[in-house]
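Structural overview
Residue strings, one per chain:
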2 protein chains.
Amino acid sequence: MRSELAASAPATIANLGPGFDVVGAALEEPRDRVEVKLVAEPSIVVRVEGTYASEVPSGEGNVCYVVAQEVLKRAEHRGGLRITLFKEVPPASGLGSSGASSAATAFAVNKALGEPLTSMETLLSALEGERYAAGAPHADNAAPSLLGGVVFIYSYNPLKLLRVDPPQGIHVVIATPLIRWAEKKTYLARQVLPKRISLKKMVKQLGGLVPLVAGIARGDPKLMGEGVNMDFVVEPARAKLIPRFKETKKAALKAGAYGCSISGAGPSIFALASPQTSSSVAKAMANVLESFSIDYRMLITKFSREGARIEG
Amino acid sequence: MRSELAASAPATIANLGPGFDVVGAALEEPRDRVEVKLVAEPSIVVRVEGTYASEVPSGEGNVCYVVAQEVLKRAEHRGGLRITLFKEVPPASGLGSSGASSAATAFAVNKALGEPLTSMETLLSALEGERYAAGAPHADNAAPSLLGGVVFIYSYNPLKLLRVDPPQGIHVVIATPLIRWAEKKTYLARQVLPKRISLKKMVKQLGGLVPLVAGIARGDPKLMGEGVNMDFVVEPARAKLIPRFKETKKAALKAGAYGCSISGAGPSIFALASPQTSSSVAKAMANVLESFSIDYRMLITKFSREGARIEG
């Protein structure tokens, strides 16, 4: 047990095109940081600092509270916690913001308690944060944020994961249009999805998953990018919610990106590119958004093998 | 050009559980054999011999005729052909019978002509046989029969393939209940499929494809078998058409099979097993069918790297 420690967990890209609810990948940055302190008094207090502090609730309304409570319960620990969250993953961007806070908290509290929980129990605790934030315990952000790499959640009941190291030498270009969403963004982004799809479309979507999985397994960025571009169900439905998505994607591919799609529920648009082309890809995407007077944030990062980690 | 030669192509297992219309794998046996002879007279004559000669049409009604015609057309060859098909892949069993005849013919005729066609053109010629036999040019039997290994057909328009060597050290146990199907068996097996599925089920099916693809890519039979068992759409619908499918599958898994599902459109039931357990798995499956007085054929074989090949 260490009475005080800090840990962080990264932003993530869920879906990666055709892998809706099935796959997510950890990014090198940004990372949510969490400082935890064990206290005798059996209460949990959550303070929030950092760039996006004003955009998430503090106290009991924060996912960190829910996750910390779950870890204490599973560990049968009677004391309490003082938690400070340094919120650096932008909320409501489709970059797994709540997943990063949840993963960092579950990891940090478990470490502080001397690791009473297994890795799977730690993940299940983090998923309570996702259940609280999104209404369902989807693991495609929290799992890669906790474990790093690319994580396939190939079964939910029971929960079954397959973790793979990400392909090396890929840059991930992320453009986040700064649009105002309704408060329940993830809910809205699910509402636009078709409830039922044709068998034919399912076959096309299954086909798309093949180059995605095989490209990641082989470390082949071109094949992976080909897979990213083969989402026939979710991207077409969600594209409407993101201003100038089609034009931005087209520009990214024309500038040499391997693949481009919506990150998680959006509105972030991600493109995979070689280190040589990533700045041109970013510029091409930026040009489109600027030409339509859409404010945006732009980030060039990489996939990360590393998930949640102790911070010095 | 060689005026006379013989070639063969193997039976195949399509779908492998969740990969409906997306994946097929070549088997070591049985193989259809084709002998072709170039003749000056511009006609094609097809004779059929072999174990299952009486179960397929001869002459213009045979897929070999259609495929040979297509190869001649693509090669712009003006002569004709005399073809003898030795039919050893049982028709209407779900083992890619027409795909094997088509692949062997396309391969043999192209070789006899001095290989004027590329590998992709040869495949497209073979697919004309599938279009003729099944009403649609599905490639999940003909492609692995021609190319060997496991072939993912991840896009049909344009046709895109990914060929992977099969995992080593797996035995494939195949029980074929000898039931009378209506003539259009593949048609019937497609009729029972749901036209539309829920998004939720699509996600489960996508999940199933992950261990299948990753298991094959890693050469991990256990993971591959886990994938084979995760078909939530096609197997449940087609299971009704196959007498005692559920009991047979249950017995195979209980006897130690890695996975078990329907081969292609059925009625063959295949199970993946280790070399140590395959005979017990076969016996367990046979016991079920016998206990319900269902006649069957039983075969233990392996996946094959080799597709169509010249025969001495």
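What you are looking at is a predicted structure, and each value in this text was computed from that prediction instead of being measured. (Residues numbered from 1 in each chain as written. Chains lettered and ligands numbered in written order. Predicted model: local features only at pLDDT ≥ 70, side-chain atom pairs only at ≥ 80, totals over all residues.)

1. Observations concerning the packing of helix 9 (residues 245-254) of chain A against helix 10 (residues 278-291) of chain A
Residue and element names in this part refer to chain A.
- The N-to-C vectors of helix 9 and helix 10 enclose an angle of 155°; their axes lie 8 Å apart at closest approach. Relative to helix 10, the element helix 9 lies roughly antiparallel. Both helix 9 and helix 10 take part in a crossing whose hand is right-handed. Contact residues: Glu-247, Thr-248, Ala-251, Ala-252 and Lys-254 in helix 9; Val-281, Ala-284, Met-285, Asn-287, Val-288 and Leu-289 in helix 10.
- Taken together, the residues that form the contact of helix 9 with helix 10 break down as seven nonpolar, two polar and two charged. (Axes fitted to C-alpha atoms, helices over the stretch in contact; angles between N-to-C directions. Helix = DSSP H or I, 4+ residues; strand = E, 2+ residues; numbered from the N terminus. Parallel < 35°, antiparallel > 145°, perpendicular 65-115°, else oblique. Left-handed = near helix turned anticlockwise from the far one by under 90°. Contact = placed C-beta atoms within 7 Å. Nonpolar A, V, L, I, M, F, W, Y, C, P; charged D, E, K, R; others polar.)

2. With respect to the interface of chain A and chain B
- Across the contact, 28 residues belong to chain A and 28 residues belong to chain B.
- Those elements that place two or more of their residues in the side of chain A that touches chain B are strand 5 (150-156), strand 8 (196-198) and helix 6 (199-218) of chain A.
- Among the elements that make up the side of chain A that touches chain B, the one with the highest residue count is helix 6 of chain A (13 residues).
- Partitioning the side of chain A that touches chain B into residue classes produces 19 nonpolar, five polar and four charged.
- Bridging between strand 8 of chain A and strand 8 (residues 196-198) of chain B involves three bridges; their strand directions are antiparallel. Looking at strand 8 of chain B, one finds that Ser198(A) is bridged to Arg196(B). (Pairing = 2+ DSSP bridges.)

3. A word on the domain arrangement of chain A
Residues and elements named next belong to chain A.
- Looking at the assigned domains, one finds that chain A contains domain 1 (4-164) and domain 2 (171-302).
- Put simply, the middle of domain 1 and the middle of domain 2, counted by C-alpha atoms, are 24 Å apart.
- Taken residue by residue, the interface counts 22 residues in domain 1 and 32 residues in domain 2.
- Among the secondary structure elements, those contributing two or more residues to the side of domain 1 that touches domain 2 are strand 1 (4-14) and strand 2 (23-39).
- Taken together, the residues of the side of domain 1 that touches domain 2 sort by class into twelve nonpolar, eight polar and two charged. (Domains from an automatic or database assignment.)

4. Focus on helix 9 (residues 245-254) of chain B
All names here are of chain B.
- The set of residues buried in helix 9 consists of Phe-245, Thr-248, Lys-249, Ala-251 and Ala-252. The buried side chains of helix 9 occupy one side of the element, clustering within an arc of 165° when seen end-on.
- Summarising the contacts, the buried residues of helix 9 are in contact with strand 7 (171-177), strand 9 (259-262), strand 10 (269-273) and helix 10 (278-291).
- Looking one or two places after helix 9, you find Gly-256, whose phi comes out positive at around 110°. (Buried ≥ 20, exposed ≤ 12 C-beta atoms within 10 Å, placed from the backbone. Arc of directions from axis to C-beta.)

5. What to know about the nonpolar core
- Of all hydrophobic cores here, the largest spans 202 residues; its most connected members are Leu146(A), Met285(A), Leu146(B) and Met285(B).
- The element best represented in this core is helix 6 (residues 199-218) of chain B, accounting for ten residues.
- Leaving out residues up to four positions away in the same chain, Leu146(B) has contacts with Ala9(B), Ala103(B), Ala106(B), Phe107(B), Thr122(B), Leu123(B), Ala126(B), Gly307(B) and Ala308(B). (Core = buried A, V, L, I, M, F, W, Y, C linked by C-beta atoms within 7 Å.)

6. A closer look at the pairing of strand 3 (residues 44-49) of chain A
Residue and element names in this part refer to chain A.
- By the alternation rule, side chains of strand 3 split into Ile-44, Val-46 and Val-48, which are all buried, and Val-45, Arg-47 and Glu-49, of which none is buried.
- Note: strand 3 against strand 4 (residues 80-86), six bridges, orientation parallel. When the sheet's bridge partners are listed, Glu-49 is paired in strand 4 with Phe-86.
- Note on the crossover from strand 3 through helix 1 (residues 63-75) to strand 4: the handedness is left-handed. (Right-handed = clockwise from strand over helix to strand, strands pointing away.)

7. A closer look at the relation of the copies chain A and chain B
- When chain A is fitted to chain B, the residual RMSD is 0.0 Å, and the transformation amounts to a turn of 180° plus an axial shift of 0.0 Å. The relationship between the two copies is best expressed as a two-fold rotation axis.
- An overlap of 100% is found between the interface residues of chain A and their copies at the interface of chain B, pointing to a shared contact surface. (Least-squares fit on C-alpha atoms with pLDDT ≥ 70 in both.)

8. Concerning the sheet that holds strand 11 (residues 296-302) of chain A
Residues and elements named next belong to chain A.
- Taken in spatial order, the four strands line up as 9-10-7-11 in an open sheet, and their pairing is antiparallel. Edge positions in the sheet fall to strand 9 (259-262) and strand 11, since each has one partner strand and no second. Ignoring strand direction, the axes of neighbouring strands in this sheet form an average angle of 20°.
- Pairing analysis gives seven bridges linking strand 7 (residues 171-177) to strand 11, with the strands arranged antiparallel. The partner of His-171 across the bridge, within strand 11, is Lys-302.
- Packed onto the sheet, helix 7 (residues 221-228) meets strand 9 and strand 10 (269-273) and runs at close to 40° relative to strand 9.
- Packed on one face of the sheet, helix 10 meets strand 7, strand 10 and strand 11 and runs near 15° to strand 7.

9. Examining helix 10 of chain B
Residue and element names in this part refer to chain B.
- In a regular helix each residue adds 1.5 Å, so 14 residues correspond to 20 Å; helix 10 covers 20 Å between its end C-alpha atoms and thus fits that length.
- Three or more residues of helix 10 are buried, namely Ser-278, Val-281, Ala-282, Ala-284, Met-285, Val-288 and Leu-289. Projected down its long axis, helix 10 carries its buried residues within an arc of 160°, all on one side. Helix 10 presents Glu-290 and Ser-291 as exposed residues on the side facing more than 90 degrees away from its buried surface.
- The elements touched by buried residues of helix 10 are strand 7, helix 9, strand 10 and strand 11 (296-302).
- Of the residues flanking the end of helix 10, it is Ser-293, one or two places downstream, whose phi is positive at about 55°. (Expected span 1.5 Å × (residues − 1).)

10. Regarding unusual backbone geometry
- Looking along the chain, the bond that leaves Glu29(A) and enters Pro30(A) is cis, with omega of -5°.
- Residue placement: Pro30(A) occurs in strand 2.
- Note that the residue after Gly266(B), namely Pro267(B), is joined by a cis bond; omega there is 5°.
- Note on placement: Pro267(B) falls in the loop between strand 9 and strand 10.

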